[in-house]
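Structural description and commentary
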Amino acid sequence: MRADGPTELELAGQVIELVRRLGGPAAQAEAVVTRADLALTRFANSAIHQNVAESTVGIRLRVHVDGRTAAGSGSVVTANGLRALVERTLAAARLCPPDPGWPGLAPPTPAPLAPPVDEATAHAEPDQRADRVRAFVAAAGGLSTAGYCRTAHRSSAYANSTGHTAQGRSVEAAMDGIARQGGADGVARHCADRLSDIDGAELGGRAAAKAQAAADPIELPPGHYEVVFEPAAVADLLQNLSWYGFNGKRYAERQSFAEPGADQFDRTVTLVDDPLSASGLPFDAEGTGRRALTLVEGGTTRAVAHDRRTAVEAGAESTGHAVAGGATWGPMARNLRLSGAAAGPASPVGRSTTGAAAGAVVDSDTAALVAGVRRGLLVTDLWYTRVLDPKSLVVTGLTRNGVWLVEDGTVTRAVRDLRFTESYPQALGPGAVLGLGARPVRQPDRVDGAWWAAPPVRLASWHFTGGASG
C-alpha cells in the first residue's frame, strides 16, 4: 500500500477483526489482500495504439460460521467498505448449505522465502515497454505486426483467525507478438522475471521468419503423424495436464487419469511444479507455504496437487496449491516445468530447412529434434483446445501460427492448419516421447502468476482428424 495508508497485511488483519466482532468468537475467517500494478503496451499494424496501466487493491474473504462456508470479495478499503464486505459474506454463509468437508484454517506456520523481485520491472515505465515493441517491429523487416508487452507487480498479504499471517511480492514481464505476411502469421512469445530479459528484436525476428516460412501452405490428409511441438504448443499440454490430471479434487472424484506410483509417461518426462523458481508469491490462497512439487519423475507419476480440503479427504497434507474458488475448481499447479533427457547434440539453426520454409526452425533445440524426423509435422502452437473426456484427457483443438511438413529431417513445405483429437497423457506415454529440447522456455498465461516452462518436444504420434474447418 501507499506510505500514507495501511499495508496489505494491516488491511487483512482489520478484516479478520471485523469478522470476530460481527460474526462472534466461533467464526473462522481468512483474508487475502492484494495490490496489483499492471501495465500493458499494445501494438497493431506495426504501431503502438494503446498504453494502459492500473493499480488496484482487491480483498478476498472466506468465512466459516455454524458449519457453513461462504466467500466474498471487494475493492473498497475504507472502514465502511471493509464492514460491508464482512457483513454480506457472513450473511451469505448463513444461507449456504452445511459444509461437512470444511478442513479448518492453516495454523501459524513460517512461509518459505521467495526470490527477491526485480525492482526495475516492478516500476517499469511505458517507454521501456515501447522500446521492446519498437525492436520487435524493426526486426520484422516491414511485415505487419501486432501484440503486446506487459509488466505486472503484485504485493499480497494473508491473515486468518488462527493468527497465521504471510506476505510476499511477485513481478512478471511478458511479450507476445505476431508478424503477418500474405495471411500467414508467425508468433513469438516469452515470459520472464525481469523486463531486461525480454528481447523484442529476437522475438520480432522469430515471428517474421515464421510468417515468411508459412507462405503457400498445402493440405494434408487426416491421420497419425509424428510431430515436433514447439514450446508454445507444449504449454497447452502442460496446462491441461495440470488442471484436469494433477488436480486433487478431480483425483478424489476419480475424474483424473493420474495414478501415483504408476509409469504413465515416457521415462524421459519429469514434471515439477516450481513456483519459487521464479518471482512468485510464497503462499497459496489458504496461506499454505508454496514449494516445489514433483508430479512426474522419470515417467512415473509421483503426486497430485492438494489444497487443505482435498488433502483432508486424501489423508495427506496440502501441497500449497489452493486457488480462489478451489472448492469448485480444485487445487491447481500453475507453474509447471517439463524437463528430461535432451534430444541430443544441438543442430545449427536452419540446418533442417530448405527453400521457402527456411525460417520455420528458429532455435537449435527444435532443429535437433526436426533433424531426426523421417516424415512428420512441425507445429508452432495449439489453440481453442477443449476437453472431450476428462478421465482420459482426450482433447480436441486446432493448430495455429504455423505448421510445416518434415521429410527426412528437412522442413519442406508449409501446411494448412489442422484439427486434432488426442489423449494428452497417451501422447506422452511410455515410448511415445522421441526427444525433448534441453532448454525450457517460459510461456505466459492469462491467469495471474501462472506460467508454463516447456522445451520443444518430439512425439511419435499425434492424431489429426482433418482441416481446421472440419
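Residues numbered from 1 in each chain as written. Predicted model: local features only at pLDDT ≥ 70, side-chain atom pairs only at ≥ 80, totals over all residues. Heavy atoms only, no water.

**Here we look at the packing of aromatic side chains**
This is how it is decided: Ring pairs shown here join Phe, Tyr and Trp side chains whose ring centres sit within 6.5 Å, with only the six-membered ring taken for Trp; geometry is labelled stacked below 30 degrees between planes, edge-to-face above 60, and tilted in between. In this text, helices come from DSSP runs of H or I with a minimum length of four residues, and strands from runs of E with a minimum of two, each type numbered from the N-terminal end. Burial classes: relative accessible area under 20% of the type maximum marks a residue as buried, over 50% as exposed, and values in between as partly exposed (1.4 Å probe, protein chains only).
For the coordinates displayed, the defined rule picks out 9 aromatic pairs. Measuring from centroid to centroid gives 6.0 Å for Tyr-225 and Phe-464, while their planes differ by 70 degrees, and the two rings are edge-to-face. In this pair, Tyr-225 sits in strand β7 (residues 223-229) while Phe-464 sits in strand β19 (residues 457-467), placing the two residues 239 residues apart along the sequence. According to the relative accessible area criterion, Tyr-225 is buried, its value standing at 8%. In this structure Phe-464 comes out as buried when scored by relative accessible area, which is 0%. Ring geometry for Phe-229 against Trp-462: centres 4.8 Å apart, planes inclined by 80 degrees, an arrangement best described as edge-to-face. Taken as a pair, Phe-229 in strand β7 and Trp-462 in strand β19 lie far apart in primary sequence, 233 residues in all.

**Some points on the UniProt feature "domain: Metalloprotease TldD/E N-terminal" (unreviewed entry) in the protein**
Our working rule: UniProt positions are given in the numbering used here, feature names are shortened, and annotations may be inferred rather than shown by experiment.
Per the UniProt record, the feature "domain: Metalloprotease TldD/E N-terminal" (unreviewed entry) sits at residues 29-93. As annotated, residues 29-93 comprises 23% helix and 65% strand, and the C-alpha atoms at either end are separated by 11 Å.

**Considering the sheet that holds strand β4 (residues 144-160)**
Under the convention used in this document: Pairing between two strands requires that DSSP report at least two bridges joining them. Helix axes are fitted only over the stretch in contact, all axes being lines through C-alpha atoms; the angle between N-to-C directions runs from 0 to 180 degrees. Whether two residues are in contact is decided by their heavy atoms, any of which lying within 4.5 Å being enough.
As summarised here, the arrangement of the 6 strands in space is β3-β2-β1-β4-β5-β6, forming an open sheet in which the pairing is antiparallel. One side of each edge strand has no neighbouring strand; the edge strands of this open sheet are β3 (68-74) and β6 (184-192). Along the sheet, successive strands turn relative to each other by an average axial angle of 15 degrees, direction set aside. Relative to β4, strand β1 (residues 28-44) runs antiparallel, the two being bridged by 14 bridges. Within β4, the residue paired with Glu-30 across the bridge is Asn-160. Where helix α4 (residues 126-139) meets the sheet, its contacts fall on β1, β2 (47-65), β4 and β5 (165-181), and the angle it forms with β1 comes to roughly 45 degrees. Together, β5 and β6 form the strand contacts of helix α5 (residues 200-213), whose direction differs from that of β6 by roughly 155 degrees.

**Describing empty space enclosed by the protein**
Rolled over the atoms, a probe with the dimensions of a water molecule shows which regions are left empty. This is how it is decided: Here a cavity means grid points, on a 1 Å grid over the protein atoms only, where a 1.4 Å probe fits yet cannot get out; a pocket means an open set of points with protein on both sides within 12 Å along at least five of seven lines; lining residues are those with an atom within 4 Å of a point. Grid points are joined across faces, edges and corners, and a volume is the space filled by probe spheres set on the points. Each residue is assigned to one of three groups, with Ala, Val, Leu, Ile, Met, Phe, Trp, Tyr, Cys and Pro labelled nonpolar, Asp, Glu, Lys and Arg labelled charged, and all others, Gly among them, labelled polar.
In total, this model carries 1 cavity of 30 Å³ or more according to the counting rule given. In terms of lining residues, the largest cavity is bounded by Val-234, Leu-237, Leu-238, Leu-241, Val-269, Leu-271, Leu-338 and Leu-428. Here the lining of the largest cavity gets 4 residues from one element, more than from any other, and that element is helix α6 (residues 231-245). The residue inventory of the lining of the largest cavity, partitioned by class, reads 8 nonpolar, no polar and no charged.

**Let's talk about the packing of helix α1 (residues 8-23) against helix α2 (residues 79-95)**
Rule in force here: Any angle that falls under 35 degrees is termed roughly parallel, while one over 145 is termed roughly antiparallel, one within 65 to 115 roughly perpendicular, and all others oblique. Put simply, a crossing is left-handed when the front helix is turned counterclockwise from the back one by less than a right angle, and right-handed when it is turned clockwise.
Where α1 meets α2, the closest approach of the two axes is 10 Å, and the angle between their N-to-C directions is 50 degrees. When the axis of α1 is compared with that of α2, the two are oblique. For the pair α1 and α2, the crossing hand works out as right-handed. Contact residues: α1 offers Leu-11, Gln-14, Val-15, Leu-18, Val-19, Arg-21, Leu-22 and Gly-23, while α2 offers Leu-82, Arg-83, Val-86, Glu-87, Leu-90 and Arg-94.

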